[in-house]
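Fold and contact review
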Amino acid sequence: ESKRLNEATGASQEMYQRARKSLSAGVASSYQLRDPWPIYLERGQGPKVWDVDGNEMWDFHNGFGSMLQGHAHPAIGRAVRERYEQGTHFAAPTEDAVVVAENLSARWGLPRWRYTNSGSESTMDAIRIARAYTGRDTVMKIFGSYHGHHDTVMVSIGVEYDKIGDHENLASLPYGAGIPDATVQMTVAVPFNDAGAMERRIIALDKEGRKPACVIMEPAMMNLGVVLPEPGYLEEVREITRRHGVVLIFDEVKTGLCIGPGGATRRFGVMPDMVTLAKALGGGLPSGAIGGTEEVMSVVEDGSVYQVGTYNGNPLVVAAIRANLEEVLTDEAHAHLDYLNDRILAGCRRVIEDYSLPGYAVGLGGKGCVTFSPTKVIDYETFKANQSAELSDLAWLFNMNRGIFMTPGREEEWTLSVTHTDEAIDAYVDCFEEFAQAITS
Ligand code: PMP
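Bear in mind the structure is a predicted one, so any value in this text is a computation, not a measurement.

Here is what the cut-offs are and how they apply
- Residues numbered from 1 in each chain as written.
- Predicted model: local features only at pLDDT ≥ 70, side-chain atom pairs only at ≥ 80, totals over all residues.
- Helix = DSSP H or I, 4+ residues; strand = E, 2+ residues; numbered from the N terminus.
- Rg over C-alpha atoms; globule rule 2.2 N^0.38 Å.
- Contact = placed C-beta atoms within 7 Å.
- Pairing = 2+ DSSP bridges.
- Axes fitted to C-alpha atoms, helices over the stretch in contact; angles between N-to-C directions.
- Near = placed C-beta within 6 Å.
- Nonpolar A, V, L, I, M, F, W, Y, C, P; charged D, E, K, R; others polar.
- Domains from an automatic or database assignment.
- Buried ≥ 20, exposed ≤ 12 C-beta atoms within 10 Å, placed from the backbone.
- Arc of directions from axis to C-beta.

**Considering the overall build of the chain**
Assigned secondary structure in the chain consists of 16 helices and 14 strands. Relative to the 2.2 N^0.38 estimate, which gives 22 Å for 441 residues, the radius of gyration of the chain is 21 Å and therefore close to what a compact globule would have. Taking the principal axes of its C-alpha atoms as reference, the chain extends roughly 60 × 55 × 45 Å. Considering only contacts within the chain whose residues lie at least 6 apart along the sequence, 73% involve residues at least 24 apart.

**Some points on the sheet that holds strand S14 (residues 414-415)**
Taken together, the 3 strands give an open sheet; going across it, the order is S11-S12-S14, and neighbouring strands pair in antiparallel fashion. Here the strands that pair on one side only, and so sit at the sheet edges, are strand S11 (360-364) and S14. Where strand S12 (residues 367-371) meets S14, 2 bridges bridge the pair, whose relative direction is antiparallel. Opposite Lys367, over in S14, you have Thr415 as the bridge partner. The strands that helix H13 (residues 331-354) touches are S11 and S12; relative to S11, the one it contacts most, it runs at about 170°.

**Comments concerning the site of the ligand**
Inspection of the region around the ligand gives 14 residues, with Ser118, Gly119, Ser120, Gly148 and Val253 positioned closest. In terms of residue count, helix H6 (residues 119-134) provides more of the shell around the ligand than any other element does, 3 residues in total. Partitioning the shell around the ligand into residue classes produces 5 nonpolar, 6 polar and 3 charged.

**Observations regarding the domain arrangement of the chain**
Split into domains, the chain comes out as domain 1 (2-68 + 330-440) and domain 2 (74-328). Distance between the C-alpha centres of domain 1 and domain 2: 25 Å. Of the residues lining the interface, 30 residues belong to domain 1; the matching set on domain 2 comes to 28 residues. At the level of elements, helix H3 (62-65), H13, S11, S12 and helix H14 (380-386) are the ones that each hand at least two residues to the side of domain 1 that touches domain 2. Counting residues per element, the side of domain 1 that touches domain 2 draws most heavily on H14, at 5 residues. For the side of domain 1 that touches domain 2, the class distribution of residues is 13 nonpolar, 10 polar and 7 charged.

**Re helix H9 (residues 233-243)**
Note: α-helices contain 3.6 residues per turn, so residues at a spacing of three or four share the same orientation. The set of residues buried in H9 consists of Leu234, Val237 and Thr241. In a view along the axis of H9, the buried residues occupy a sector of 55°, so they form one face of it. Residues of H9 that are exposed and point over 90 degrees away from its buried face: Arg242 and Arg243. Looking one or two residues past H9, Gly245 carries a phi angle of roughly 65°, positive in sign.

**Section: helix H11 (residues 294-301)**
Here H11 has its buried residues at Val296, Met297 and Val300. Along the axis of H11, the buried positions cluster into a sector of 85°, meaning they face one direction only. Away from its buried face, by an angle of more than 90 degrees, H11 presents the exposed residues Glu294, Glu295 and Glu301. Directly after H11, the chain includes Gly303, whose backbone phi takes a positive value near 85°.

So this is what it looks like as structure tokens:
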């Protein structure tokens, strides 16, 4: 399968050789890396993309979940063109910034919003707000979760299983070089789906005089495939954080608009103090937003926290967000995504059963995956112990060779778009069946 993909991507190989002379490692972001070379894309239309070799593929990668509206959506194009004619950037607020904040308030039930330009900026600013509001420095996160590339959250993400150690008292480990140890020690990680461990750690930290300012977490983990919260877990986390006066931040950069009109917050019915958004919010433009309660956001309103950025609320971006929210991500569009996801999940489940594969299909809204693990993954520890990296890698190659464009990492999931159809879903399931046949014959 690797040989076949290499043969079909000669132009990507050439582009890579050229790119390495000017672009570090030949890519714009280290997450675009892939051995032996990345696949360079040329264009996208609706649910499809074409690479520089002219290979046509159904897009299930969708820009790491940013392209929920599909490629080149006419409504986003129109909004951006119209706004461009009226001026691109003022660093002064425009009406669209207000309209979008009203829309997000209605969707999430949180009254106060601000803009950023990416998911990393959203989590960075949300954490600063939580620190200012509580007057504390320590940040609590979930072990194995990714929240962006700023130092505070580049801690305890992808680490080898043998380094995990004591499930209850997980050590803080830097994710890559260049992160100061003092910062690493200020971030404490606890396992997902274990509310008891979270509360015990909060109490222990409090005794050491370093109670956390916040818990930042994805309501459903989206970087170990998809790991759903066990029944009652989010409710317990809400109670614990409230009881201990810790700000609860739901990082909905990935779940956000992908799993419903009001994200995981509405889908699971548990209200955090703050929410961070990005990715699918902006219709494909770099965007981000933070929502919060009046109390928590008061530190922004009274001027004690600088939540700033030259491009925050950029007119082109908020025009795209507005078109995305008002014209594309309607209730009907979300119902369509649910329908498609049910179809792809049902197809994958049938294949898993027919071929007795060691895995299961899981998903929600426009997101899902097949997790190649004989037992259910509930947190990072069970993921690392049981998930088959070999089968995930092979499934990726199999997909790519049959016109199914997927995220390169074995931790990633599919993202559907509102332009996907039964045909796209059936292509995915057929390819998965071919994969099942190949590995079991
Ligand atoms: N939070 C979560 C949950 C994410 O998945 C990501 C990106 N994968 C980020 C934050 C960071 O977003 P960005 O890459 O836009 O900075």
